[in-house]
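Observations on the three-dimensional arrangement
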Amino acid sequence: MWSLTTLLVTTLAFGSAISKTVNLPSNDTEWRYGFEVDYENNQFLLDGKPFRYVSGSFHYFRAPRQYWRDRLRKMRAAGLNAVSTYVEWSLHEPEPGQFNWAGDADLVNFLNIAQEEDLLVLLRPGPYICAERDLGGLPYWLLREVPNIKLRTKDADFVRYATLYLNQVLDKVEPLLRGNGGPVIMVQIENEYGSYNACDTEYTDMLKEVFVRKIGNKALLYTTDGNSASLLRCGFVPGAYATVDFGTASNVTNSFQIMRLYQPRGPLVNSEFYPGWLTHWGDIFQRVKTKAVTKTLREMLAVGASVNFYMFYGGTNFGFTSGANGGVNVYSPQLTSYDYDAPLTEAGDPTDKYFAIRDVIGLYLPLPNMSLPTVSPKGNYGPVLLEPVQKLLDSQSPFAVIRTTGHLPKTFEALSVNQGFVLYETELPSPFSDPAILRATTKDRALVYVDDRLCGTLSRMDKIFTLPLENPYGRHLGLLVENQGRLNFGNDIHEFKGISNVTLSGTKLTTWNMTGYTFSDVSSLRNMTTIHIESGTLYNGPVFLRGRFTISEQPLDTFLDTNGWGKGVAFVNGHNLGRYWPLAGPQITLYVPAPYLRTGENELIILELEYVSQTRKMKFQAVPNLG
């Protein structure tokens, strides 16, 4: 049996660890950049000197690029000396061979800012990242290009696509590796692979070779898995440094004992220490008590461990980027907010947890001489009257990107509809039995229309897959299906969106018209005249509503209160804030960053799917409501 004494690694050597890059004289022949493991002394070596990191996760794709420096600086002020980030394949390669490295996808800029803010970097490029993102960060088009592809295995197609992506990433970051004087000290292979039943060691070995060819010894390769022997068995990659992850409910000594089964020498590492947790629609907002966080942190730092907080700053799943947990029989989509009850809130404000963590870090590492962050002012811009301007299902809808037919319904992926909605339409047979029962396998939520009038909802989340159709029966059936987020974790991530096995009283329905809708650009709604709709339940289909509001001074962060509405998507000045669903909760407000606003006139557009508030107003307020 191991003990804390056995696991103890002296902390004295780490007391002077500072991540700042320095320029030494060219005649200093002893100097070299690098990051490696001193196995004999169970420690890391940064540029040849003993080092341990206290890092925090912050995913650049969950905040506007204008806020990257602010969030990173606040992390450094908390005493952290490193930042950990995933790299999201679907963001950077939205379609095969079409790579995006600009704007909020400018990974190199993010890494440079991290170094300027005195932070080292733990890079986690996947190819799979989980992260509570749609399909775990894998691009949807993998399922379109090769429908029978075996994700996260040695499948030739998956390895080919993943290798092309990884080479792009690693070419970008190569100058920023620590061995080249950059901030990137560690690069993760795959992500918690032990939690995936494939257990394909040939695949992980193939990935390792891709990393080795690009990285060499200029950064340390590592893996991360849960704190059990069974998870490490499949997640361990020979030649990479094996680490574990666990939260406040786990025993520190026992967790590091598990790590020692596969990493008998070297520093102890918790690569994901959870100061908060994720939340699904319909849940109670998840929180982790500060005292539990600081107690576990103190225990880890006392035995010399390196620690990465997941998350230190969570941010937001803007647009349709949030994923879901579940599998065959359970489906739980995640919130738009990724606040995570983290030390920094969704709006980047420090919490009591932030300062308590900083106090503990200060017992083991030197705190930087920096001013401490405060809560930033927020905008209270009041109510905005929203007027209807466009019905989504109009035959001339500007958001219809594909119209096609088929004997059976096609999947979103086959239709090249990544995120959004597909309307499936067919004619009902006649006559049929009374009562008529509509049944469909639905992924994920379908508004059911008969003769263009809403008659009910099918829901994977609520396990509602049947619906009685009322007499008198109509002839035209429409099912507007919403992708609420692809599974991001577990063994069932290979799934397709849409409907299948559609029957009416046991008779299979065939001959379908299909219309796909996406919303990358809502500017066409700006000059449309208002139309008439009734408030309340939208029996005749979803509606876009538009409102305008004025900001007289420099814009501030604010929160859009959706209370009183049904379910939908909100856009501010063309920026997709994400899904809202106050009836399900717990999230009621959507975070609106100041960079999305402007001095003068601003525009709010919503796509409301189910219920229009009697007031037809949403308000911008200074405080969030996450339940």
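Sequence order as written defines the numbering, with residues in each chain counted from 1. Only residues with pLDDT of 70 or above have their local features reported here, since the model is predicted, and side-chain atom pairs are shown and tallied only from 80 upward, although totals for entire chains, interfaces and linings are computed over all residues. Side-chain calculation: all heavy atoms of the structure are included, whereas hydrogens and water are not.

The protein chain appears in an unreviewed UniProt entry as Beta-galactosidase from Temnothorax curvispinosus. UniProt positions are given in the numbering used here, feature names are shortened, and annotations may be inferred rather than shown by experiment. Of the comments in the UniProt record for the protein chain, the one headed Catalytic activity (unreviewed entry) reads "Hydrolysis of terminal non-reducing beta-D-galactose residues in beta-D-galactosides."

1. What to know about the overall build of the protein chain
The way it works is that DSSP assigns letters per residue, a run of H or I at least four long becomes a helix, a run of E at least two long becomes a strand, and they are numbered from the N terminus. Regarding its fold elements, the protein chain presents eleven helices and 34 strands. Restricting the calculation to C-alpha atoms gives the radius of gyration, and the globule rule supplies 2.2 Å times the number of residues raised to the power 0.38. Against the 2.2 N^0.38 benchmark of 25 Å for 627 residues, the protein chain shows a C-alpha radius of gyration of 26 Å, consistent with a compact globule. Summarising its shape, the C-alpha atoms of the protein chain cover approximately 85 × 55 × 45 Å along the three principal directions. Between buried and exposed lies partly exposed: a residue is buried under 20% and exposed over 50% of the maximum accessible area for its type, with that area taken using a 1.4 Å probe on protein chains only. A burial count over the protein chain gives 59% of its 627 residues as buried. Contacts: residue pairs with any heavy atoms within 4.5 Å of one another. Partitioning the intrachain contacts of the protein chain with sequence separation of at least 6 by distance along the chain shows that 79% fall at a separation of at least 24. Just so you have it, the protein chain exposes about 23,700 Å², and 49% of that area is on carbon and sulfur atoms. Of note, the protein chain has its 57 positive side-chain charges centred 2 Å away from the centre of its 62 negative side-chain charges. Every accessible area reported is derived by Shrake-Rupley at a probe size of 1.4 Å, with residue values counting cover from the shown protein chains alone. Lys and Arg are tallied as positive, Asp and Glu as negative. Neither His nor the chain termini are counted. Each charge is placed at NZ for Lys, CZ for Arg, CG for Asp and CD for Glu.

2. Concerning the UniProt feature "domain: Glycoside hydrolase 35 catalytic" (unreviewed entry) in the protein chain
When the UniProt feature table is mapped onto this chain numbering, "domain: Glycoside hydrolase 35 catalytic" (unreviewed entry) sits at residues 43-362. Strand forms 17% of residues 43-362 and helix 32%; the C-alpha atoms that close the span are 20 Å apart.

3. Brief notes about the side chain of K353
As for its placement among the helices and strands, K353 is situated in helix α11 (residues 352-361). Judged by relative accessible area, K353 falls into the buried class, the value being 5%. In this view, K353 contacts P275, V288, T290, V293, D341 and P343; residues no more than four positions away in its chain are not counted.

4. Overview of the confidence of the model for the protein chain
A score from 0 to 100, pLDDT tells how confident the predictor is in each residue. Scored by pLDDT, the protein chain has a mean of 94; 94% of the residues are at 70 or more. Low confidence marks residues 1-29, where pLDDT is under 50. Its contacts with residues over four positions away, or in another chain, come to 55 contacts.

5. A closer look at helix α2 (residues 68-77)
Most of α2 sits inside the fold, with seven of its ten residues counted as buried. Within the span of α2, buried status applies to W68, R71, L72, K74, M75, R76 and A77. Check the buried side of α2 and you find it contacts β4 (54-57), β5 (82-86), α4 (107-116), α11 and β31 (589-592). Remark: G79 follows α2 within two positions and exhibits a positive phi of approximately 100°.

6. Here's the deal with the sheet that holds β4
Reading around the circumference, β4-β5-β6-β7-β8-β9-β10-β11 is the order of the eight strands in this closed barrel, with parallel pairing throughout. Strand after strand, the sheet turns through a mean of 30° between neighbouring axes, direction not considered. Only C-alpha atoms enter the line fits that serve as axes; for helices the fit covers just the stretch in contact. Angles between N-to-C directions range over 0 to 180 degrees. Of the strands in this sheet, β7 (184-188) and β8 (220-226) are in contact with helix α7 (residues 201-215), which crosses β8 at around 150°. Strand pairing is assigned whenever DSSP identifies at least 2 bridges connecting the two strands.

7. Things to note about the state of the cysteines
A covalent bond bridging the sulfur atoms of two cysteines is what the word disulfide describes. The disulfide criterion is simple: two cysteine sulfur atoms within 2.5 Å. By the definition in use, this model includes one disulfide. Paired by a disulfide, C199 and C234 hold their sulfur atoms 1.9 Å apart. Negative torsions about the S-S bond denote left-handed disulfides, and the value of about -90° found for C199 with C234 makes this one left-handed. On the criterion of sequence distance, the pair formed by C199 in the loop between β7 and α7 and C234 in helix α8 (residues 229-235) is long-range, its members being 35 residues apart. C130 carries a free sulfur, and the closest cysteine sulfur to it, the one in C234, is 17 Å from it.

8. Topic: the pairing of strand β32 (residues 600-608)
With seven of nine residues buried, β32 lies mostly within the body of the structure. For strand β27 (residues 543-551) and β32, the ladder comprises nine bridges, and the chain directions are antiparallel. Residue pairing for β32: R546 is matched across the bridge by I605. Both strand β29 (residues 568-572) and β32 contribute to a ladder of five bridges, which runs antiparallel. What sits directly across from G568, in β32, is E608.

9. A word on the pattern of salt bridges
Salt bridges are identified by distance alone: a Lys or Arg side-chain nitrogen within 4 Å of an Asp or Glu carboxyl oxygen. Evaluation of the coordinates by the stated rule reveals 36 salt bridges. Across the pair D104 and R65 runs a salt bridge, and its minimum N-O distance is 3.3 Å. With D104 in the loop between α3 (89-92) and α4 and R65 in the loop between β4 and α2, this pair connects stretches of sequence that are 39 residues apart. Classification of D104 by relative accessible area gives partly exposed; the value is 28%. The salt bridge involving E299 is made with K295; its shortest N-O contact spans 2.8 Å. Residue E299 and its partner K295 are both found in helix α10 (residues 290-302); the two are separated by four residues, about one turn of the helix.

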